[in-house]
Amino acid sequence: MKLVKYFGVLLTVATLVISTPVNVYASSNSSIWIGDSRGVGLSQTVVADDYEFIAKCGMSYSWFNSDAIPRLQSYLNSNPNRTVVINMGVNDCANICCGGNSTVNKYIEDINKLIKKYPSTHFYYLSTNPVDGDYQSSYSSTGYIDKDELNAIINEFNALMKNRCNATYIDCNSYLIEEGFSTFDGIHYTSETYQDIYNYTERYINLDYVRCYYELCKDRPKRFNKWGWVWCKPFCEWVSKSL
């Protein structure tokens, strides 16, 4: 993973230096992060000066649709050349556990409309991430939602987002389960885990940038000087396959 991280950043910089500029999409220094209380927590614990946060505690689809999207559009109408990371869903999944209707198709419909409306914006859906404790809920007859039940719903929610949403899907959920994570209340992460989530997201976007750049340029080597293309091509191919 360390090699992927460092080569991803190195290749992004090196490609831009040695080649004629090609507009792929906005770099992460003009990014927007949309989230619920986990987004609020990340914004408060991680140094993420390259992001503008649209996030509020306790929110689910209705807020995403009525508040977050209009605010996002106000940003994109003035500058559509941005990267957008959407990280919602844990409260929606909790509502499903309490008998509520699934909102996943509504998310997919709204995000796909945004992608169509703003073709120069690159949209990512960052997976709804796991819990490690029971979720307190006044809507549950027991007063809480079992963590295993909630994680199962989260996995189903993520599978639908991955397969049906046109945003690029970042599977941080599997990464956290494999590598380990910590919360302070079962739902909200410690500062170390928020940092891991942020780092994983940035690594993925950096690698995706290189992959997209390679896809644009692989058939147009004249955009590179001779030695730049000779040096960059094998690494770009490796990065493209690693995603």
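The rules behind these values
- Residues numbered from 1 in each chain as written.
- Predicted model: local features only at pLDDT ≥ 70, side-chain atom pairs only at ≥ 80, totals over all residues.
- Heavy atoms only, no water.
- Helix = DSSP H or I, 4+ residues; strand = E, 2+ residues; numbered from the N terminus.
- Polar contact = N/O pair within 3.5 Å; in protein donor to acceptor, adjacent residues only side chain to side chain.
- Contact = heavy atoms within 4.5 Å.
- Expected span 1.5 Å × (residues − 1).
- Buried < 20%, exposed > 50% of the residue type's maximum accessible area, 1.4 Å probe, protein only.
- 1 Å grid on protein atoms, 1.4 Å probe; cavity = no way out; pocket = protein on both sides within 12 Å on 5 of 7 lines; lining within 4 Å.
- Points joined across faces, edges and corners; volume = space filled by probe spheres on them.
- Nonpolar A, V, L, I, M, F, W, Y, C, P; charged D, E, K, R; others polar.
- Salt bridge = Lys/Arg side-chain N within 4 Å of Asp/Glu carboxyl O.
- Pairing = 2+ DSSP bridges.
- Axes fitted to C-alpha atoms, helices over the stretch in contact; angles between N-to-C directions.
- Patch = residues over 30% accessible without salt bridge, like charges linked within 9 Å, V, L, I, M, F, W, Y side chains within 5 Å.
- Areas by Shrake-Rupley, 256 points an atom, 1.4 Å probe, with all protein chains shown as cover.
- Lys, Arg positive; Asp, Glu negative; His and termini not counted.
- Charge placed at Lys NZ, Arg CZ, Asp CG, Glu CD.
- Core = buried A, V, L, I, M, F, W, Y, C linked by side-chain atoms within 4.5 Å.

Novice: What's the story with the side chain of Thr128 in this structure? I'm lost.
Specialist: Within the secondary structure, Thr128 sits in the loop between strand S4 (122-126) and strand S5 (135-136). A polar side-chain atom of Thr128 sits 3.1 Å from a polar atom in the side chain of Tyr125. Non-local contacts of Thr128, meaning those with residues more than four positions away in its chain, are made with Asn87, Met88, Gly89, Val90, Ile154, Phe157, Asn158 and Asn173.

Novice: Quick question: what am I supposed to make of helix H5 (residues 104-117) here?
Specialist: An α-helical turn contains 3.6 residues, so any two residues separated by three or four positions project in the same direction. Over its 14 residues, H5 extends 20 Å from the first C-alpha to the last, a length consistent with the 20 Å expected when each residue adds 1.5 Å. Buried within H5 we find Val104, Tyr107, Ile108, Asp110, Ile111 and Leu114. For H5, the secondary structure elements touched by its buried residues are helix H3 (61-78), strand S3 (83-87), helix H4 (90-97), S4 and helix H6 (147-164).

Novice: Would you mind going over empty space enclosed by the protein with me for this structure?
Specialist: Rolling a probe over the atoms, with the probe sized like a water molecule, indicates the empty space that remains. The full count for this structure, using the stated rule, is 1 cavity of 30 Å³ or more. Computed from the structure, the largest cavity encloses a volume of approximately 50 Å³. Every residue lining the largest cavity is listed: Trp33, Arg38, Gly39, Leu42, Asn87, Asn129, Tyr189, Tyr194 and Ile197. Counting only elements with at least two residues in the lining of the largest cavity, the list comes to helix H2 (37-45) and helix H8 (191-217). The element that contributes the greatest number of residues to the lining of the largest cavity is H2, accounting for 3 residues. The residue makeup of the lining of the largest cavity, split by class, is 5 nonpolar, 3 polar and 1 charged.

Novice: What should I look at first to understand the pattern of salt bridges in this one?
Specialist: Side chains that differ in sign of charge can pair as their charged atoms come close. Going through the model one piece at a time under the given rule, you end up with 2 salt bridges. Taking the shortest distance from any N to any O, the salt bridge between Glu52 and Arg82 comes out at 2.9 Å. Of this pair, Glu52 sits in strand S2 (residues 51-55) while Arg82 sits in the loop between H3 and S3, and the two are 30 residues apart along the sequence. In this structure Glu52 comes out as partly exposed when scored by relative accessible area, which is 30%. A salt bridge links Glu109 to Lys113, with the shortest nitrogen-to-oxygen separation between them at 3.4 Å. Taken together, the residues Glu109 and Lys113, both in helix H5 and 4 residues apart, mark about one turn of the helix. A residue is classified by how much of its surface remains accessible, and Glu109, at 45% relative accessible area, is partly exposed. With relative accessibility at 52%, the residue Lys113 sits in the exposed group.

Novice: Help me understand the sheet that holds strand S1 (residues 31-35) in this model?
Specialist: Sheet strands pair via backbone hydrogen bonds, and the direction of the pair is either parallel or antiparallel. Pairing is parallel in the open sheet, where 5 strands are placed in the order S2-S1-S3-S4-S7. Pairing within the sheet leaves two strands with one partner each, and these edge strands are S2 and strand S7 (168-170). The mean angle between the axes of side-by-side strands here comes to 20°, regardless of whether they run parallel or antiparallel. As paired elements, S4 and S7 share 3 bridges and run parallel to each other. For Leu126, the partnering residue across the bridge sits in S7 and is Ile170.

Novice: Is there a simple way to think about a negative patch on the surface in this case?
Specialist: Side chains of Asp134, Asp146, Asp148 and Glu149 sit close together on the surface and give a patch of like negative charge. Of note, Asp148 is situated in helix H6.

Novice: Looking at this model, I keep getting lost on the nonpolar core. Mind explaining?
Specialist: In summary, soluble globular proteins display a tendency toward joint burial of nonpolar side chains. In this structure, Ile34, Phe64 and Leu150 are the most contacted members of the largest nonpolar core, which totals 37 residues. Elements represented by at least two residues in this core include exactly S1, H3, S3, H4, H5, S4 and H6. In terms of residue count, the dominant contributor to this core is H3 (7 residues). Excluding residues that lie within four positions of it along the chain, Phe64 makes contacts with Ile34, Ile69, Ile86, Met88, Tyr107, Asp110 and Ile111. By size, the runner-up hydrophobic cluster in this structure holds 20 residues, among which are Val46, Tyr124, Ile170 and Tyr194.

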